[in-house]
Amino acid sequence: MSQVAISELDPTATVVVATGNAHKVVEIEAILAPVMPGVRFVALGELGDFPDPVEDGETFYDNALIKARAAQAETGLLMAVADDSGLCVDALDGAPGIFSARWAGEHGNDDANNEKLMAQMADVPDGERTARFHSSVVLVRGDEVLRGDGDCEGVVGRVPRGDHGFGYDPLFLPEETPGKTMAELTLDEKNKISHRFHALEDLAAKL
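We now turn to the structure provided with this report. All figures in this text were calculated on a predicted structure; none of them were measured in a lab.

1. A word on the environment of methionine 79
- Relative to the assigned elements, methionine 79 resides in strand S3 (residues 79–89).
- Taking the relative accessible area as the measure of exposure, methionine 79 reaches 5% and is therefore buried.

Laid out in structure tokens, this is it:
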């Protein structure tokens, strides 16, 4: 990822996105830029190597706010945006939820997380496998906090399919794309129905 000097940025016209993922910045900018004209969006990873904050909130919103506030503090910029998301399975009382990325113990071990999900859902009948991806997006502007929330409804499959995406995408079949897992969708197809897309649209409507 290219590096950008913080000193070269206008602190009143820059939004730092609390991510090192360039694709996420493009997705966020595409939805928020039209309602934030003249504002530049940069990834936190472009501005330096900052430590990850401790995400010890009790909700997706809590953790998104922790990340946004940390990015704001670390860069000295006025505005920051962050999101937190995860899979909520009805038959598991909403688990893995905020623990989605580290459900099997090791943060970001997608294979282990998917194996655990398949094991825990093995005896759940087809009609009771409903779930949703949830995203909470937070924009901080100085002391002001704005939030957006979104869901992508679907069901948990029995075997992983597809080579795209990450996390639980190979096991999640969205309602809006019958017969296809999230991991079988192109990036553009996923972005049009994703929980983050819906959360960003909710946020944009408040700007």
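2. Regarding the pattern of salt bridges
- Evaluated as defined, the whole model comprises 13 salt bridges.
- Note that arginine 161 and glutamate 184 form a salt bridge whose closest N and O atoms lie 3.0 Å from each other. Note that arginine 161 is positioned in the loop between strand S5 (144–156) and strand S6 (172–174) and glutamate 184 in the loop between S6 and helix H5 (187–193), a separation of 23 residues in sequence.
- Here glutamate 184 falls in the partly exposed class, since its relative accessible area comes to 29%.
- Ionic pairing is found between aspartate 169 and lysine 190, a salt bridge with its closest N-O pair at 2.6 Å. Linking aspartate 169 in the loop between S5 and S6 with lysine 190 in helix H5, this pair joins segments that are 21 residues apart in sequence. Taken individually, aspartate 169 and lysine 190 each receive the classification buried, so the pair is uniform in this respect.
- Put simply, Lys24, Glu27, Asp83 and Arg196 are held in one network by salt bridges that share partners.

3. Considerations on unusual backbone geometry
- Here the residue pair alanine 95 and proline 96 is connected by a cis peptide bond, since its omega of 0° sits within 30 degrees of zero.
- With a phi angle near 55°, aspartate 93 is a residue other than glycine that sits in the positive phi range.
- Tracing the chain through its elements places aspartate 93 in the loop between S3 and helix H4 (110–120).

Reading the values: the criteria
Residues numbered from 1 in each chain as written. Predicted model: local features only at pLDDT ≥ 70, side-chain atom pairs only at ≥ 80, totals over all residues. Heavy atoms only, no water. Helix = DSSP H or I, 4+ residues; strand = E, 2+ residues; numbered from the N terminus. Buried < 20%, exposed > 50% of the residue type's maximum accessible area, 1.4 Å probe, protein only. Salt bridge = Lys/Arg side-chain N within 4 Å of Asp/Glu carboxyl O.

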